[in-house]
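Summary of structural features
The chain contents come next:
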Amino acid sequence: MTHKVALNFSDGKTAFFDVHSNELLLDAALRNGVNIPLDCREGVCGTCQGRCESGAYTQDYVDEETLSEDDLAQRKMLSCQTRVQSDASFYFDFDSSLCQGGGTLNVSARVEAVELVSETTAILRIDAGAHDRRIDFLPGQYARLKVPGTDEWRSYSFAHHPNEHNKLQFLIRLLPDGAMSNYLRDRCATGDAIEFEAPLGTFYLRQVERPLVMVAGGTGLSAFLGMLDDISEKKCAGYPVQLYYGVTHARDLCEGERLDELLSSPSGRLFERLIDRYALGSGISGVQPKAVVPLAAEAASRPAEHTALPLRTVIVKAEGDDFPGLARNEYFCMSVAKEAALEVPDFWLSEDGKLFVMSRFDREANGTPLGFEDMSVLTGKAKYEGSYEMIAKAVDIYTRSDPEQKRRLFERIALSCLLRDGDAHMKNLGILYIDPTGPRRLAPVFDVVCTDIYPELDGRMALSLNRSKTFPLPAELLAFARRLELGAAASEAIMARLQDAYHTVAARLASDRRFGEDDLLPRIRRAVERPGVKPVTRPKVVR
Ligand code: FES
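Along each chain, residue indices are assigned from 1 in the same order as the chain's sequence is written. Reporting of local features is limited, given that this is a predicted model, to residues whose pLDDT is at least 70; pairs of side-chain atoms are given and counted only at 80 or more, and all residues count toward the totals for whole chains, interfaces and linings. The side-chain numbers reported here are obtained from all heavy atoms of the structure, hydrogens and water having been left aside.

**A word on the overall build of the chain**
Strands here are runs of E lasting at least two residues and helices are runs of H or I lasting at least four, both read from the DSSP assignment and numbered beginning at the N terminus. For the chain, the helix and strand inventory stands at 13 helices and 22 strands. Taking all 543 residues of the chain together, 51% fall into the buried category. Working note: accessible area of the chain is about 25000 Å², and carbon and sulfur atoms make up 49% of it. Each residue gets one of three labels from its accessible area relative to the maximum for its type: buried under 20%, exposed over 50%, partly exposed in between, using a 1.4 Å probe on protein chains only. Note that accessible areas follow from Shrake-Rupley with a 1.4 Å probe, and for residues the cover is restricted to the protein chains shown.

Dropping the structure here:
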């Protein structure tokens, strides 16, 4: 006796086939070329889960942690344990494409390398190049690896997307006494034979149709690295991607970079590699391409300028051909801010002058994230809309009229005016907080560049001040300070301090090798030291 079943999938497709009396639904599906994802086949992992829409069925065994009483009442079922008792239809919350292709492969491969990142984390690289065809899987799926020399199997997500050379990589959590952990720590050697079964699992990247937020913990990062590989290749229609990655200890950070490597490597290829690896540039706005890079460990050699380098995540910005000298330009401007005692994150310039590296200002020293709202969010205005008066109002409201924050805002705007920074837009200023109900303060200075040296930009401010986007005369800036309720002596002292800092930095960097080989520094000096208000004739370039 046979029953007719229909399997409906989330992409609207349906598969029909017959099931023999007393046959498991999973076996019938596989017999008919429908490769329902599976893992344990014992009613425990839940990978083959679906829901019965109509018909009668029984289940041999269902682990109570896999399907609850409520789940069972909603007719959720496990294909590997289901025997249909009548014609029936079932729904599966994944695409039918997951059930196509060649099904699960059993592959013999070789260990290519193992890297013990920390006491709790390893990266295992496997060469399956001898396999007769490409090993295909969806980013996020996993493989079951047989621990060499044992009969134990362990499951790990692919940390990349499929490639024609069948080079595979897995992030592996090391346990004090785990079968795979002991093998990797004690016996693993390059060239060891290793078997695996793949692909498995229904956790994979669907069609990207909206911004993505990914949350990964420890070696759970592996599945997301595969997805990021895929996103990086397909570009995903420009949707921003944010990855939140947590580890118990900083030493467990995988796939990180060392600061000394960032600063001393040739920048072009290094930056491409960073973007390839972290694929996060799309989530960060601005003129420069940027990558958020977790530092793997304390740098072995520290730049002379900084004597302490705590572990933290940094932002790396690379200049392109469009704005030559941008990394050095930003380093110059941030150096002025620092010299003038404005609050700035730690920052560095690579030895070749092409990468600007900055600590995340939205993190505490121990890496704890701080709340950050940019002025675009707080005022409801687009990046280049609105005025500095609006920002002043937002600072007043969100810092509960804290005069210190108003003073800092004046410093920040006066800095941009001095340095002819036409990119101090709504997203380059913001409010930081630990707890949204607690004290809030203006974020440190970040993203300051003398844009006036680039003729393709319009030479105006990003936002208006006193109804004009033309850089203000000192008297107009002092009038703005009065509107912030800053005394004349205090605001004049701030402007004098910024001027002194500018001259000090300009003199210091004139003898810096990275500024000695072209005319960047003289161009910055001409822009900054030009007297009076600069006439504006150039068209606005939309960035
Ligand atoms: S394959 Fe694990 S529950 Fe069915």
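**Some thoughts on the nonpolar core**
Phe332, Met375, Tyr388, Phe410 and Leu419 are the most contacted members of the largest nonpolar core, which totals 75 residues. Whether two residues are in contact is decided by their heavy atoms: any pair within 4.5 Å suffices. Apart from residues lying up to four places away in sequence, phenylalanine 332 is in contact with Leu419, Tyr502, Val505, Ala506, Leu509, Phe515, Leu521 and Ile524. As used in this record, nonpolar core signifies buried Ala, Val, Leu, Ile, Met, Phe, Trp, Tyr and Cys residues forming a set joined through side-chain atoms within 4.5 Å. In this structure, Val19, Cys48, Leu67 and Cys99 belong to the second largest nonpolar core, which totals 28 residues.

**Some thoughts on the confidence of the model for the chain**
On average, the chain scores 83 in pLDDT, and the residues at 70 or more come to 83%. What pLDDT reports is the predictor's confidence in each residue, on a scale of 0 through 100. Every residue in residues 276-288 is under pLDDT 50, and counting partners more than four places away or in other chains gives 43 contacts.

**Let's talk about the side chain of aspartate 458**
Among the secondary structure elements, aspartate 458 is positioned in the loop between β22 (440-442) and α11 (474-483). Overall, the relative accessible area of 7% leaves aspartate 458 in the buried class. A polar atom in the side chain of aspartate 458 sits 2.9 Å from the backbone nitrogen of arginine 460. Under this definition, polar contacts are N or O atom pairs within 3.5 Å; protein pairs additionally need one hydrogen-donor-capable and one acceptor-capable atom, and for neighbouring residues in sequence, both atoms have to be side-chain atoms.

**Focus on the pairing of strand β8 (residues 105-118)**
Regular strands show a simple pattern: their side chains alternate between the two faces of the sheet. In terms of strand pairing, β8 meets strand β13 (residues 193-200) through 6 bridges, oriented antiparallel. Bridge pairing in β13 links alanine 109 to isoleucine 194. A strand pair is defined by DSSP finding two or more bridges across the two strands. As paired elements, β8 and strand β9 (residues 121-127) share 7 bridges and run antiparallel to each other. Bridged to serine 118 within β9 is threonine 121. Linking two consecutive strands that pair antiparallel, namely β8 and β9, is a turn of 2 residues.

**Remarks on the pattern of salt bridges**
What counts as a salt bridge is simple: a side-chain nitrogen of Lys or Arg found within 4 Å of a carboxyl oxygen of Asp or Glu. All chains considered together, the criterion is met by 29 salt bridges. The closest approach of N and O atoms between glutamate 112 and lysine 167, which form a salt bridge, is 2.7 Å. Taken together, the positions of glutamate 112 in strand β8 and lysine 167 in strand β12 (residues 167-173) put the pair 55 residues apart, joining distant regions of the chain. Looking at lysine 167, the relative accessible area reads 34%, which means it is partly exposed. Arginine 144 serves as the salt-bridge partner of glutamate 197, at 2.8 Å between the closest nitrogen and oxygen. Linking glutamate 197 in strand β13 with arginine 144 in strand β10 (residues 142-146), this pair joins segments that are 53 residues apart in sequence.

**What about helix α10 (residues 403-418)?**
For a helix, the expected span equals 1.5 Å multiplied by the number of residues minus one. Helix length check: α10, at 16 residues, gives a terminal C-alpha distance of 22 Å against a target of 22 Å (1.5 Å per residue), a fit within 8%. The element α10 is extensively covered by neighbouring structure, given that 13 of its 16 residues are classed as buried. Of the residues flanking the start of α10, the one acting as N-cap is aspartate 402, its side-chain oxygen 2.9 Å from the backbone nitrogen of glutamate 404. Residue arginine 420 follows α10 closely and has a positive phi angle near 50°.

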